[in-house]
Amino acid sequence: MKFALSTLGLPGTPVDDVLRLAADSGFDGVELHSRPEGPVHPGTGTAERARITARSAEAGLTVLSVAAPVRAAGGDEDGPVIEELGEAVRLAADLGAPYVRVLPGGGALPGNAFPGGGTPPAEEADVVAARRLAAVAPEAADRGVRILLETRGSHPRGADVARITGLVGHRAVGVVWDPAHTRHAGEEPHETLPVLAPHLGYVRVKDSAPDGEAAAAGDAAPPPDGAAVPPLRAAVRALRSHGYDGWLCWEHEQQWHADAPGPGPLAAAARNRLAALADGPAA
């Protein structure tokens with residue numbers, strides 16, 4: 001397997017520092033969050049996009065994905081969401097990234113308004129998200145980019161996001177699997193993976209409560225000493241048993257947990273724990 005460092009835990013860190021940390025820690029690639037204070041966003045100019053691409057190559061790193069804050073089923077109107085999706089696809093293409101990660105956003109969350117208010121029926125949110133993703137899928141395919149819907153929020157289980165990708169029916173739309181979210185939603189890895197396998201782009205893991213009662217209860221805070229194994233060891237075993245040799249992307253959620261240590265000192269250790277899991281028994 002290959003290992004990527006997510007910039008989720010590195011808000012405001014210059015992209016050159018992100019690349020240096022990833023390379024020095026032994027990662028093979030980076031997932032760049034697209035937001036105004038992040039290393040890239042839709043307003044990043046053409047020259048800077050080219051420079052980031054060149055610097056990544058010089059560091060021996062793949063820009064795995066642009067993690068965009070787009071909510072496929074959020075908002076009142078299709079137009080703005082479709083435009084956001086298109087901007088994210090074009091940004092990823094310019095950076096040489098094969099993937100864009102987006103969110104389902106079908107629930108009654110802040111910024112996820114839905115016609116009529118409240119929480120839309122799951123079927124309606126599925127149709128809205130699929131319609132918007134399908135509108136951008138041909139451009140994504142032409143640019144060599146896949147749009148991946150994360151198992152999260154209103155669609156935390158593999159079965160939830162697979163409903164949307166099934167409605168889209170286009171190879172340019174797939175899934176990012178976060179095993180912590182599917183586990184917290186009541187799906188075990190051996191249940192999730194067969195559903196997601198045909199759609200799977202890459203897998204996100206994080207330092208959080210290890211397998212057990214805390215993880216089952218949804219306690220995903222990074223441990224103070226960074227010593228916990230990535231969550232849901234069973235997920236990596238399931239991936240190995242299915243012959244998966246793709247990407248594991250480590251995200252450190254220090255941004256959401258003020259008492260947690262920053263990811264810098266933990267990155268190399270996290271990469272080594274991922275490697276140990278990937279090389280471990282498949283069952």
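Every value quoted in this text rests on a predicted model; they were computed, and no experiment measured them.

S.K.: When you look at the pairing of strand E3 (residues 62–71) in this model, what are you seeing that I'm missing?
M.R.: A regular strand places its side chains so that they alternate between the two faces of the sheet. Most of E3 is tucked away, with seven of its 10 residues classed as buried. The β-α-β motif built from strand E2 (residues 29–33), the intervening helix H2 (residues 46–58) and the parallel element E3 has right-handed crossover chirality. Examined bridge by bridge, E3 and strand E4 (residues 99–103) share four bridges and lie parallel to one another. Directly across from Ser65, in E4, lies its bridge partner Tyr99. In this view, the connection linking E3 to its parallel neighbour E4 by way of helix H3 (residues 78–95) has right-handed handedness.

S.K.: Looking at this model, I keep getting lost on the sheet that holds E3. Mind explaining?
M.R.: Backbone hydrogen bonds are what pair the strands of a sheet, in a parallel or an antiparallel way. With parallel pairing, eight strands are arranged side by side around a closed barrel as E1-E2-E3-E4-E5-E6-E7-E8. Between one strand axis and the next, the sheet turns by 30° as a mean value, whatever way the strands run.

S.K.: Would you mind showing me how to read the pattern of salt bridges here?
M.R.: In this structure the tally under the stated criterion is 20 salt bridges. Put simply, Glu139 and Arg143 hold a salt bridge, and the shortest N to O gap is 2.9 Å. For Arg143, a relative accessible area of 41% corresponds to the partly exposed category. Three or more residues are tied together by salt bridges with common partners; here these are Glu31, Arg101, Glu150, Arg152, Arg204 and Glu251.

S.K.: Where do I start with the side chain of Asp160 in this structure?
M.R.: Position of Asp160 relative to the elements: it lies in helix H5 (residues 158–168). Judged by relative accessible area, Asp160 falls into the buried class, the value being 6%. Within polar-contact distance, the side chain of Asp160 engages the side chain of Arg157 at 2.8 Å.

S.K.: Would you mind going over helix H7 (residues 189–196) with me for this structure?
M.R.: Structurally, the α-helix is built with 3.6 residues per turn, so residues lying three or four positions apart point the same way. What H7 keeps buried is the set Pro189, Thr192, Leu193 and Leu196. Down the axis of H7, the smallest arc covering the buried residues is 95°, so these residues share one side. For H7, the elements touching its buried residues are H5, strand E6 (173–177), helix H6 (179–184), strand E7 (200–206) and helix H9 (233–241).

S.K.: Would you mind showing me how to read the packing of helix H1 (residues 15–24) against H2 here?
M.R.: Two numbers describe a pair of packed helices, the interaxial angle and the distance between the axes. Two numbers describe how H1 lies on H2: the axes approach to 10 Å, and their chain directions differ by 15°. As judged from the angle between their axes, H1 and H2 are roughly parallel. Crossing of H1 against H2: the hand is right-handed. Across the interface between the two elements, Val15, Asp16 and Leu19 from H1 touch Glu48, Arg51, Ile52, Arg55 and Ser56 from H2. In terms of residue class, the contact of H1 with H2 is built from three nonpolar, one polar and four charged.

S.K.: Would you mind showing me how to read the environment of Asp126 here?
M.R.: The topology assignment puts Asp126 in helix H4 (residues 122–142). For Asp126, a relative accessible area of 5% puts it in the buried group. Separated by 53 residues in the primary sequence, Asp126 and Ala73 place their C-alpha atoms 7.3 Å from one another. If we ignore the near neighbours within four places in the chain, the residues touching Asp126 are His155, Arg163, Ile164 and Leu167. A polar contact of 2.6 Å, which involves the side chain of Asp126, links it to the side chain of Arg163.

Criteria and cut-off values
Residues numbered from 1 in each chain as written. Predicted model: local features only at pLDDT ≥ 70, side-chain atom pairs only at ≥ 80, totals over all residues. Heavy atoms only, no water. Buried < 20%, exposed > 50% of the residue type's maximum accessible area, 1.4 Å probe, protein only. Helix = DSSP H or I, 4+ residues; strand = E, 2+ residues; numbered from the N terminus. Right-handed = clockwise from strand over helix to strand, strands pointing away. Pairing = 2+ DSSP bridges. Axes fitted to C-alpha atoms, helices over the stretch in contact; angles between N-to-C directions. Salt bridge = Lys/Arg side-chain N within 4 Å of Asp/Glu carboxyl O. Polar contact = N/O pair within 3.5 Å; in protein donor to acceptor, adjacent residues only side chain to side chain. Arc of directions from axis to C-beta. Contact = heavy atoms within 4.5 Å. Parallel < 35°, antiparallel > 145°, perpendicular 65-115°, else oblique. Left-handed = near helix turned anticlockwise from the far one by under 90°. Nonpolar A, V, L, I, M, F, W, Y, C, P; charged D, E, K, R; others polar.

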